[in-house]
Amino acid sequence: MNNQRKLKSDKSIVGLAQPVIALFLFGLFFALGGLSMAFYTLSFVYAMYAISTFYLYVLTQNSDYWVILFFQLFTAFFIVANPKGPEYISHAVFLFLTINMTFFLIWSGYLMFTKKMKWRGREILELAAINVEKHPGTYTDRPQPTGKVVYNKEELDQFVNFFRKNLLGLVKTKDNTIYFIPVRMGQEFSVLFNPNLNYVEKTWVSIDFNGQISTFISKEDYLEYKEDLSLHQLSQSMSDVMTDFIELFLKGEKIRVMDKMDNLRINVFT
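A brief structural summary. (Residues numbered from 1 in each chain as written. Predicted model: local features only at pLDDT ≥ 70, side-chain atom pairs only at ≥ 80, totals over all residues. Heavy atoms only, no water.)

Take the overall build of the protein chain next. If you tally the helices and strands in the protein chain, you get ten helices and five strands. Along the first, second and third principal axes, the C-alpha atoms of the protein chain reach 65 × 40 × 35 Å. Long-range contacts, defined here as pairs at least 24 residues apart, represent 70% of the contacts in the protein chain between residues at least 6 apart. When the accessible area of the protein chain is evaluated, it comes to approximately 14,600 Å², of which 59% is carbon and sulfur surface. On the protein chain, the mean spot of the 27 positive side-chain charges and the mean spot of the 25 negative ones are 4 Å from each other. (Helix = DSSP H or I, 4+ residues; strand = E, 2+ residues; numbered from the N terminus. Contact = heavy atoms within 4.5 Å. Areas by Shrake-Rupley, 256 points an atom, 1.4 Å probe, with all protein chains shown as cover. Lys, Arg positive; Asp, Glu negative; His and termini not counted. Charge placed at Lys NZ, Arg CZ, Asp CG, Glu CD.)

Structure (structure tokens):
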């Protein structure tokens, strides 16, 4: 497979946001109220992270989020319940918290570095662009009709679950049409936690219950490519990537879907 990157390098710092926010609040409340207040604040922050992680699990049904959630919960308790923390605990409880926090931290790291927790929108955009030619001046903000397929509703519903659970992106259904919306790593917070999200302005491939396919490439994603590509070719290729994924899934070869993305060797944090 051609590993020539068509997308610009990811310069986002969203992945650093959680630890930076936690450290900032710890320092702020340490200055305002001392060490105990700082510990309680940091514990509260991790509890809020755990709630956010549970929300992501509800949206995606990806059970690996439970590992992250347990790490965050054990960390929240450990911060206030340790020998130097504001809450008194026995040695047995301290040992229990330490072992579990460390266990879930290691497991979380494994999931991250094996890309089990990676949002795959960047891979989908790269796959769509592999054989697309440069063609400036072709961008339009109108959806492109990109074909017709024959899938029944049950087959599409099964793929919807696979798409969500493997963090390929967000799925929305409206007017008997399913929208598959790739989500890049770092975008999940602005997309999934936005109650006013206008998903039709994002990149998507839609399939209606009559089998008609349409594709829309957002200006935001189009400008992420290093060069101006032929929009017609890119839209058709994006549609082909999605239908190829569906075909592989329906043949029971969903591991091949993941292989196609993994073979691009894109950084786990982007």
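Time to look at the side chain of Glu126. Topologically, Glu126 is positioned in helix H5 (residues 121–129). Despite its burial, Glu126 pairs with no opposite charge, the nearest such side chain being Arg5 at 4.5 Å. Excluding residues within four positions of it along the chain, Glu126 makes contact with Gln4, Arg5, Lys6, Leu7, Leu264 and Ile266. (Buried < 20%, exposed > 50% of the residue type's maximum accessible area, 1.4 Å probe, protein only. Salt bridge = Lys/Arg side-chain N within 4 Å of Asp/Glu carboxyl O.)

Checked against the element boundaries, Phe74 lands in helix H3 (residues 65–80). With 26 residues separating them along the chain, Phe74 and Asn100 place their C-alpha atoms 6.9 Å apart. Each residue touching Phe74, except ones within four places of it in the same chain, is listed here: Phe96, Leu97, Asn100, Met101 and Phe104.

With that out of the way, let us pick up the pattern of salt bridges. In total, this model carries eleven salt bridges according to the counting rule given. The salt bridge partner of Glu123 is Lys118, with a shortest N-O separation of 3.2 Å. Classification of Lys118 as buried rests on a relative accessible area of 1%. With a shortest N-O distance of 3.1 Å, Asp259 and Arg256 are connected by a salt bridge.

This part covers the packing of helix H2 (residues 35–60) against H3. Packed helices, taken two at a time, are described by the angle their axes make and the gap between the axes. Two elements in contact, H2 and H3, have axes whose closest approach is 8 Å; the angle formed by their N-to-C orientations is 165°. In this view, H2 runs roughly antiparallel relative to H3, as classed from their interaxial angle. In terms of crossing hand, the pair formed by H2 and H3 is left-handed. Here the residues of the contact of H2 with H3 are counted per class, giving 19 nonpolar, five polar and no charged. (Axes fitted to C-alpha atoms, helices over the stretch in contact; angles between N-to-C directions. Parallel < 35°, antiparallel > 145°, perpendicular 65-115°, else oblique. Left-handed = near helix turned anticlockwise from the far one by under 90°. Nonpolar A, V, L, I, M, F, W, Y, C, P; charged D, E, K, R; others polar.)

Another aspect to go through is unusual backbone geometry. Here Lys115, not a glycine, exhibits a phi torsion of approximately 65°, which is positive. One can find Lys115 in the loop between helix H4 (91–113) and H5. Taking the relative accessible area as the measure of exposure, Lys115 reaches 14% and is therefore buried. Even without a glycine there, the phi angle at Asn176 is positive, about 60°. Position of Asn176 relative to the elements: it lies in the loop between strand S2 (169–174) and strand S3 (177–182).

With 40 residues, the main nonpolar core has Phe159, Phe163, Phe180, Leu234, Phe245 and Met261 as its most contacted residues. Elements represented by at least two residues in this core include exactly H5, helix H6 (153–165), S3, strand S4 (204–208), helix H9 (231–250) and helix H10 (254–262). The leading source of residues in this core is H9, at nine residues. In contact with Met261, other than residues within four places in its own chain, are Arg120, Glu123, Ile124, Leu127, Leu168 and Phe245. Counting 28 residues, the second-largest nonpolar core is a separate cluster that includes Leu111, Met117, Val183 and Val191. (Core = buried A, V, L, I, M, F, W, Y, C linked by side-chain atoms within 4.5 Å.)

Now for the pairing of strand S5 (residues 212–216). With four bridges joining them, strand S1 (residues 144–148) and S5 adopt antiparallel strand pairing. Bridging across to S5, Pro145 finds its partner in Ser214. Connecting S4 to the next strand, S5, in antiparallel fashion are three residues, including Gly211 with a positive phi near 90°. (Pairing = 2+ DSSP bridges.)

Everything listed is a geometric property; what it means functionally is a separate question.
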